[in-house]
There are 2 protein chains.
Amino acid sequence: MSRADSTATTARAIRRRELRTLAQSISRIEQDDPTFAPVERSLYGGTGRATVVGITGPLGVGKSSLVSRLIAHLRAIHRSVAVVAVDPSSPFSGGSVLGDRIRMERGDRDAGVFIRSMASRGYSGGIALATRRTVRLLDAAGFDVVLVETVGSGQVDVDIRDVASTSVVVLIPHLGDEVQTLKAGLFEIADVFCVNKSDLPGADQARRDLVELVAFGTPRDGWRPLVTATSTTLPAGIEELWNSIERHERFLDEKELRGPLRRRQALQEILDLMKRRVEQDLLPRAQSDPEVRGLLDRVVGGTLDPPSAARRLLKGPARPRSKTT
Amino acid sequence: MSRADSTATTARAIRRRELRTLAQSISRIEQDDPTFAPVERSLYGGTGRATVVGITGPLGVGKSSLVSRLIAHLRAIHRSVAVVAVDPSSPFSGGSVLGDRIRMERGDRDAGVFIRSMASRGYSGGIALATRRTVRLLDAAGFDVVLVETVGSGQVDVDIRDVASTSVVVLIPHLGDEVQTLKAGLFEIADVFCVNKSDLPGADQARRDLVELVAFGTPRDGWRPLVTATSTTLPAGIEELWNSIERHERFLDEKELRGPLRRRQALQEILDLMKRRVEQDLLPRAQSDPEVRGLLDRVVGGTLDPPSAARRLLKGPARPRSKTT
């Protein structure tokens, strides 16, 4: 089979949502297999349809069990859903085997659900790029909703806003001092807050506090984050959470914010790809290229400072700085 | 005063370790003030003398109090010491004001101690670069030891191995499941382990477990991490910790590993600087340059995939790929 045939065959299998091909394809993304690029290129035009929702928050707030309940709700309202867990503490972690086991324990082999965890280290291409590519693949496979579970902001090098159109920040009552310090970062991210484990004491207070904080905060692009509450003993909470997510999605459409959002995300992805190419170009040359070796010698020897070295390496080939600022 | 004069004056004040100039200079680094670059360039030749020690570990293991006790020990053996805290939960956080207060509470206005915290977000130039530049400044100011306190691996975008020559990983007994998942990452980093709060129950076991893990692990560059234990009730532990750090420093010299280490760190810094220049070049052009805008339009419209767009943006000006792999 020619390479073009094989590309077309794989792309077709992905569009048909063949689970084995999906799993293999994500592994190829994780390994940064260059022969997979043509498949992604051929799928690209058919992406951008899925609702991509980020689920983020500190360790221990129960993100994964919340995700499980969201899956159940989405299936009940007849939406297909894929989960990408970028969280080393996620029970979904450990590869698709555990994901499969969880699916089986849930008693289904439902083709409308796909769960995949990504380790948070060791990707040659960087976890942020691998996550984006995986989300795009699941989008191409026609899942209505892609949930991306990550640990809290600043803790993992995936900025959920680069991937998702709606970001849910999950918190629990009495977060403790450590989490307070992360809160500022989480506030910048949240389109929807979810007070999970809301059967714990202090949950009502936590929710009221959040509502108040949100009321005093400055809306971002005209949106004031919604505050919801969920718990295993409060099944209605999940419906409220999903409806809040959908409200934000409608808001993006009504205010024509989806275009600018996609543009921001595309720019960030292109930038990440450019940085990676700079890295892939430079690192081997540190061994093989006398110019780079000479510059390194001088930096280590104290006769050339690192910014000057970086400038020289970008000089010859560097694009001239734009004239406008 | 001409700019050259002002550069020389500032550089001289830094070499003389004038605290006000040091504090102002770090603020200029944090703000990425371009007029500070000549000062750093003129100081560069006089750096590389300080022993730079990373102190890292999960939240809540008592890194900051350990740092305080290390300061006391270092002063007792007549070493000057600067601390750079890159940890949002550090009590040193909140800028130099709090750092000053802690210094005053310690009852000294000791010119042999300097403490500075860096917020972990919002640097235009990136926290990793700002941390390196701050460490270099304190090195130029002649501090014998620079301690860099960061939260555990994978949690903050500063890789301590890019900055420090010896990395101490701080743990406590009974770390809990969440931390176990981070352990693999911490193992890769540690030159010295420190079981802190070693008066807690389970400390002996924790230490024995670590010793065993280290014994079974593969030494990195011929070095097997040392395991120490500290607590507020065990003053001898701090001395043991410092001696272990010095043992690793001597090992680097004896095995001639310091050169390769500096080379790796220089390469990584140059790479980070190049990436930043790519970013500083691209982002304004997303508004002003018709070529970039056109490519973004096509990516958002689904007719051009992001890798192809990145390739085109690097094509004209890109350095030809090296011929060797």
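Nothing here was measured: the structure is a model prediction, and the numbers come from that model.

1. A short note on the packing of aromatic side chains
Using the criterion set out here, one finds four aromatic pairs over all chains in the structure. With a centroid separation of 6.3 Å and an interplanar angle of 40°, the aromatic rings of A:Phe114 and A:Phe143 are classed as tilted. With A:Phe114 in strand β3 (residues 113-117) and A:Phe143 in the loop between α6 (127-140) and β4 (145-151), this pair connects stretches of sequence that are 29 residues apart. For A:Phe143, a relative accessible area of 2% translates into the label buried. Ring centres of B:Trp223 and B:Phe251 lie 4.9 Å apart, and the angle between their planes is 55°; on these two criteria the pair is classed as tilted. Here B:Trp223, found in the loop between α8 (203-216) and β7 (226-229), pairs with B:Phe251, found in helix α9 (residues 235-254); they are 28 residues apart in sequence, far enough to count as distant. Above the ring of A:Phe143, the side-chain terminus of A:Arg17 is found at 4.3 Å from the ring centroid.

2. Observations regarding the domain arrangement of chain A
Residues and elements named next belong to chain A. According to the domain assignment, chain A consists of domain 1 (47-255) and domain 2 (262-313). The interface is formed by 10 residues belonging to domain 1 together with eight residues belonging to domain 2. With both chains or domains summed, domain 1 and domain 2 bury close to 780 Å², and 39% of this area falls on carbon and sulfur atoms. Together, Leu129, Arg132 and Asp162 form the three largest contributors to the area buried by domain 1 at its contact with domain 2, with a combined 54%. For the pair domain 1 and domain 2, the number of links is two salt bridges. The partner of Glu269 in a salt bridge is Arg136, and the shortest N-O contact between them spans 2.7 Å. Along the contact surface separating domain 1 from domain 2 lie five residue pairs in polar contact (both at pLDDT 80 or more). Of the residues contributing to the side of domain 1 that touches domain 2, the split by class is three nonpolar, two polar and five charged.

3. Some remarks on the side chain of A:Thr47
Residue and element names in this part refer to chain A. Assignment of secondary structure puts Thr47 in the loop between α3 (37-44) and β1 (51-57). Thr47 gets classed as buried once you look at its relative accessible area, which sits at 18%. In terms of polar contacts, Thr47 uses its side chain to reach the backbone carbonyl oxygen of Tyr44, at 2.6 Å. In this structure Thr47 touches Arg136, Asp139 and Ala140, once residues within four positions along its chain are discounted.

4. Considerations on the pattern of salt bridges
Residue and element names in this part refer to chain A. Under the counting rule described, the total for this entry stands at 38 salt bridges over all chains. One salt bridge connects Arg79 with Glu246, and the closest N-O pair in it is separated by 3.0 Å. Taken together, the positions of Arg79 in the loop between α4 (63-76) and β2 (81-86) and Glu246 in helix α9 (residues 236-254) put the pair 167 residues apart, joining distant regions of the chain. Under the relative-accessibility criterion, Glu246 is labelled partly exposed at 21%. Arg132 is the partner of Asp272 in a salt bridge, and the nearest nitrogen-oxygen pair spans 2.3 Å. Of this pair, Asp272 sits in helix α10 (residues 258-288) while Arg132 sits in helix α6, and the two are 140 residues apart along the sequence. No difference in accessibility class separates Asp272 from Arg132, as the two residues are buried. Linked by salt bridges that have partners in common, Asp32, Glu40, Arg133 and Arg276 make up one network.

5. Structural notes on the sheet that holds strand β5 (residues 166-171) of chain B
Residues and elements named next belong to chain B. Here seven strands make up an open sheet; going across it, the order is β3-β2-β4-β1-β5-β6-β7 and the pairing parallel. Only two strands of the sheet have a single partner each, and these edge strands are β3 (113-117) and β7. Strand-to-strand twist of the sheet, defined as the mean angle between neighbouring strand axes without regard to direction, takes the value 20°. In this sheet, β7 lies alongside strand β6 (residues 192-195) in parallel orientation, the contact comprising four bridges. Bridging from a neighbouring strand, Val192 pairs with Leu226 of β7. Those strands touched by helix α4 (residues 63-76) are β1 (51-57), β2 (81-86), β3, β4 (145-151), β5 and β6, and its axis lies near 175° from that of β4. α9 rests against β1, β4, β5, β6 and β7 of the sheet, and its axis sits at about 160° to β7.

6. Structural notes on the pairing of β1(B)
Residues and elements named next belong to chain B. Of all seven residues making up β1, seven are buried, and the element is well covered by its neighbours. Every second residue of β1 is oriented toward a common face, with Thr51, Val53, Ile55 and Gly57 on one face and Val52, Gly54 and Thr56 on the other, all of them buried. Bridging between β1 and β4 involves seven bridges; their strand directions are parallel. Counted as the bridge partner of Val53 is Leu147 from β4.

What counts and what doesn't
Residues numbered from 1 in each chain as written. Chains lettered and ligands numbered in written order. Predicted model: local features only at pLDDT ≥ 70, side-chain atom pairs only at ≥ 80, totals over all residues. Heavy atoms only, no water. Phe/Tyr/Trp six-rings, centres within 6.5 Å; stacked < 30°, edge-to-face > 60°. Helix = DSSP H or I, 4+ residues; strand = E, 2+ residues; numbered from the N terminus. Buried < 20%, exposed > 50% of the residue type's maximum accessible area, 1.4 Å probe, protein only. Lys NZ or Arg CZ within 6 Å of the ring centre and 35° of its normal. Domains from an automatic or database assignment. Contact = heavy atoms within 4.5 Å. Buried area = accessible area lost by both parts, 1.4 Å probe. Salt bridge = Lys/Arg side-chain N within 4 Å of Asp/Glu carboxyl O. Polar contact = N/O pair within 3.5 Å; in protein donor to acceptor, adjacent residues only side chain to side chain. Nonpolar A, V, L, I, M, F, W, Y, C, P; charged D, E, K, R; others polar. Pairing = 2+ DSSP bridges. Axes fitted to C-alpha atoms, helices over the stretch in contact; angles between N-to-C directions.

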